[in-house]
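Examination of the molecular architecture
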Amino acid sequence: GLIGWDYDTIAASGANRYFFEVPAGMAIPSLSVIATWNRHIQYASVDDEPVFTPDPLTNSDLALPHASGSLLGSLIDESISTIDNVEHIYQRGLTSGRYAIELTSDIEEDFSLAWDGRAYYLGDANRDGMVNALDLSIVAGNWQNANYLGWNGGDFNLDGTINALDLSAMANNWLAGSAGGGVGFHEALTSVGLGGIPEPSSLALVALGAVTLMRRRR
C-alpha cells in the first residue's frame, strides 16, 4: 500500500523490498520513508561499577528505485548514512508507475520501517479526493504565479509555477473521484474568470509548444 509500516528482521547482506503502485492519472505530492534500528549496548560490572560498551553500529541503507514487476530499475533517491541508526527519504511529485522501497544491511538486524505516500488525482489541489470547481478556484487564484506554491497551490507538476500544464492536467481529470454530477470544465473556467481556454487536448498542445519555445530561447 501507499501508507504502511513493518517491523521485521533483515539478514546480513540482505535486502528487504516493498513495492507500490501509483495509478494512472494520479501522483504522490510527497513521499516520506523512514527506517530505524536500535543501537546495541553491552553491559558489564567492573569492581561493582557499571561499564557500558557500544557494539559497532549496524550500517543499513535505504533506497527508492523505479520498478518493473519484482525487478528494480533506475534509482530515484537514497539515504546511505554510515554514522546514524536512522535513514530517511523524502521525495516530491512521484508520477504514475511502479516503485520499490529497498532496505539493505551489513549484519542481521531488527528494524522498523514506515512510509506515507498518499496518491491524489492530478488536479486535486485541496486533496479531498475529487477534481472539481473548488480545485479550479485555487488554480485560478494563483494563475501564472511564478512563486513556488506546491501542489496545494495548483502546481501539480511541481515546476515552480501555475500555468497551462497544470490546467491541462486538471482538465484531463475533471470530476475524477466525484460522486456524480458537477459543472462542466468550461463552465467552471468561466465561473472563476479563466474563460476562453481551449479544449484539454488543444490546451496540452499549447502548453507543450510553450515549453519548446522556452527551451529554444535558452
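What comes next concerns the included structure. What you see is a predicted model, and the numbers here were worked out from it, not measured in a lab.

This part takes up the pattern of salt bridges. In the structure shown here, the tally under the stated rule is three salt bridges. With its nearest N and O atoms 2.7 Å apart, the salt bridge here joins Arg 17 to Glu 102. Of this pair, Arg 17 sits in strand E2 (residues 15–36) while Glu 102 sits in strand E7 (residues 86–105); the two residues are 85 residues apart in sequence, bridging distant segments of the chain. Taking the shortest distance from any N to any O, the salt bridge between Glu 21 and Arg 98 comes out at 2.9 Å. On the criterion of sequence distance, the pair formed by Glu 21 in strand E2 and Arg 98 in strand E7 is long-range, its members being 77 residues apart. Residue Arg 98 is classed as partly exposed on the basis of its relative accessible area, which comes to 24%.

In terms of nonpolar packing, the biggest core is built from 21 residues, with Phe 20, Val 33, Leu 62, Leu 64, Ile 101 and Leu 113 touching the most fellow members. Residue assignment for this core shows that the elements contributing at least two residues are E2, strand E5 (60–68), E7 and strand E8 (109–116). Among the elements that make up this core, the one with the highest residue count is E2 (eight residues). One finds Val 131, Ile 162, Leu 167 and Phe 185 within the second-largest nonpolar core, a separate group that totals 19 residues.

Before going further, it helps to examine a nonpolar patch on the surface. Among the surface-exposed residues, Ile 41, Tyr 43 and Phe 52 lie close enough to one another that they form a single nonpolar patch of about 370 Å² accessible area. Along the polypeptide, Tyr 43 turns up in strand E3 (residues 41–46). We classify Tyr 43 as exposed; its relative accessible area is 54%.

Along helix H2 (residues 164–172), seven of the nine residues are buried, which leaves the element largely enclosed by surrounding structure. Within the span of H2, buried status applies to Ala 164, Asp 166, Leu 167, Ser 168, Ala 169, Met 170 and Ala 171. Structurally, the start of H2 carries an N-cap: the backbone nitrogen of Leu 165 is 3.1 Å from a side-chain oxygen of Asn 163.

This next bit is on helix H1 (residues 133–141). What sets the pattern is the α-helix's 3.6 residues per turn: residues three or four places apart point alike. For H1, every residue scored as buried is listed here: Asp 135, Leu 136, Val 139 and Ala 140. Along the axis of H1, the buried positions cluster into a sector of 140°, meaning they face one direction only. What points out from H1, more than 90 degrees from its buried face, is the exposed set Leu 134 and Gly 141. Buried-residue contacts for H1 involve H2 and helix H3 (185–191).

The pairing of E2 with E7 spans 17 bridges and is antiparallel. Bridge assignment links Thr 36 to a residue of E7, and that residue is Val 86. Sheet analysis places E5 next to E7, joined by five bridges and oriented antiparallel. Bridge pairing in E7 places Ala 63 opposite Glu 102.

We now examine the environment of Glu 109. Along the chain, Glu 109 falls in strand E8. Here Glu 109 falls in the buried class, since its relative accessible area comes to 6%. Counting along the chain gives 50 residues from Glu 109 to Asn 59, while the straight-line C-alpha distance between them is 9.6 Å. Excluding residues that lie within four positions of it along the chain, Glu 109 makes contacts with Asp 8, Thr 9, Ile 10, Trp 37, Asn 38, His 40 and Thr 58. In terms of polar contacts, Glu 109 uses its side chain to reach the side chain of His 40, at 3.0 Å. A polar contact is formed between the side chain of Glu 109 and the side chain of Thr 58, at a distance of 2.6 Å.

Definitions and cut-offs
- Think of each chain on its own: its residues are numbered from 1, step by step along the sequence as written.
- Whole-chain, interface and lining totals are the exception, using all residues; otherwise, since this is a predicted model, local features are given only for residues with pLDDT of at least 70 and side-chain atom pairs are given and counted only at 80 or more.
- Each side-chain value is derived from all of the structure's non-hydrogen atoms; neither hydrogens nor water enter the calculation.
- In the sections that follow, a salt bridge refers to a side-chain nitrogen of Lys or Arg positioned within 4 Å of a carboxyl oxygen of Asp or Glu.
- What counts as a helix is a DSSP run of H or I of at least four residues, what counts as a strand is a run of E of at least two, and both are numbered from the N terminus.
- In this scheme, a residue with accessible area under 20% of its type's maximum is buried, one over 50% is exposed, and one in between is partly exposed, where area comes from a 1.4 Å probe on protein chains only.
- Throughout, nonpolar core names a set of buried Ala, Val, Leu, Ile, Met, Phe, Trp, Tyr and Cys residues whose side chains join them through atoms within 4.5 Å.
- Only residues whose relative accessible area exceeds 30% and that form no salt bridge enter a patch; like-charged residues are grouped when within 9 Å of one another, and nonpolar side chains (Val, Leu, Ile, Met, Phe, Trp, Tyr) when within 5 Å.
- Note on areas: Shrake-Rupley, 1.4 Å probe, and residue coverage restricted to the protein chains presented here.
- Under the rule applied, a polar contact is a pair of N or O atoms within 3.5 Å (in protein, one hydrogen donor and one hydrogen acceptor; residues adjacent in sequence only if both atoms are side-chain atoms).
- Within this analysis, the arc is defined by the directions that extend from the helix axis to the C-beta atoms.
- Only heavy atoms enter the contact rule, under which two residues are in contact if any of them lie within 4.5 Å.
- In this analysis, strands are considered paired if DSSP registers two or more bridges between them.

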